[in-house]
Amino acid sequence: MRTGLVPLALIAALTCTSTVAAQTLPPPRVLPSEGGATLYAMPPAGVPLPSMPTAGYRPSAYRVWQYYGVNYSGWLRPRVIQVQGGGYYLYNGYLFPYVNVFPGEHFMPMAKE
């Protein structure tokens, strides 16, 4: 068992102690200029900067749920806005015909001050 470990230890010691020569790279090439044109990072003085496009508005995926409310049974129903002359659906503005017929069924107060 010991005779098998000695050659393995010797190979590991020789591998770890060997020196590695650093690789030498050639110097970088100089590219010829194309017609003497100079590349600017900024436009010359007097030239306006190009405008960047503005970021677009991204609506929330949860925004559609503001038009629905939970009724007394736990089901989702379209929200109805109750005004003095009647009521209308919040999502499209159509008249809600049953404001006076079912006075408490579509209205759910959230808080009283």
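This one's a predicted model, so the numbers in the text were calculated from it and none came from an experiment.

Conventions and cut-offs
Residues numbered from 1 in each chain as written. Predicted model: local features only at pLDDT ≥ 70, side-chain atom pairs only at ≥ 80, totals over all residues. Heavy atoms only, no water. Helix = DSSP H or I, 4+ residues; strand = E, 2+ residues; numbered from the N terminus. Contact = heavy atoms within 4.5 Å. Areas by Shrake-Rupley, 256 points an atom, 1.4 Å probe, with all protein chains shown as cover. Pairing = 2+ DSSP bridges. Phe/Tyr/Trp six-rings, centres within 6.5 Å; stacked < 30°, edge-to-face > 60°. Buried < 20%, exposed > 50% of the residue type's maximum accessible area, 1.4 Å probe, protein only. Patch = residues over 30% accessible without salt bridge, like charges linked within 9 Å, V, L, I, M, F, W, Y side chains within 5 Å. Salt bridge = Lys/Arg side-chain N within 4 Å of Asp/Glu carboxyl O. Polar contact = N/O pair within 3.5 Å; in protein donor to acceptor, adjacent residues only side chain to side chain.

Colleague: Which residues make up the overall build of the protein chain, and what values go with them?
Modeller: Helix and strand counts for the protein chain stand at 1 helix and 4 strands. Going from the N terminus to the C terminus, the protein chain shows its helices and strands as α-β-β-β-β. If you take every contact in the protein chain between residues at least 6 apart in sequence, the share linking residues at least 24 apart comes to 21%. As presented, the protein chain carries roughly 11300 Å² of accessible surface, and 64% of it is formed by carbon and sulfur atoms.

Colleague: Report on the pairing of strand S3 (residues 80–83), specifying residues and quantitative values.
Modeller: Both S3 and strand S4 (residues 86–89) contribute to a ladder of 4 bridges, which runs antiparallel. Paired with Gln82 across the two strands is Gly87, which belongs to S4. Taking the residues between adjacent antiparallel strands as the criterion, S3 and S4 are bridged by 2 residues.

Colleague: An account of the packing of aromatic side chains is requested, with residue identities and associated values reported.
Modeller: By the definition in use, this model includes 3 aromatic pairs. Between Trp65 and Tyr68, the ring centres sit 5.8 Å apart and the planes meet at 55°, which makes this aromatic pair tilted. We classify Trp65 as partly exposed; its relative accessible area is 49%. Judged by its relative accessible area of 34%, Tyr68 falls in the partly exposed class. Note on Tyr89 and Phe96: the rings are 5.4 Å apart at their centroids and 90° apart in plane angle, and the pair reads as edge-to-face. Phe96 gets classed as buried once you look at its relative accessible area, which sits at 9%.

Colleague: Tell me about a nonpolar patch on the surface, residues and numbers included.
Modeller: Among the surface-exposed residues, Tyr62, Val64, Trp65, Tyr68, Val70 and Leu76 lie close enough to one another that they form a single nonpolar patch of about 650 Å² accessible area. Structurally, the position occupied by Val64 is in the loop between helix H1 (2–17) and strand S1 (68–70).

Colleague: Could you give an account of the side chain of Asn71, with specific residues and numbers?
Modeller: Here Asn71 shows up in the loop between S1 and strand S2 (76–78). Looking at Asn71, its side chain comes within polar contact range of the main-chain nitrogen of Gly74, at 3.1 Å. Engagement of the side chain of Asn71 in a polar contact is seen with the backbone nitrogen of Trp75, the distance being 2.8 Å.

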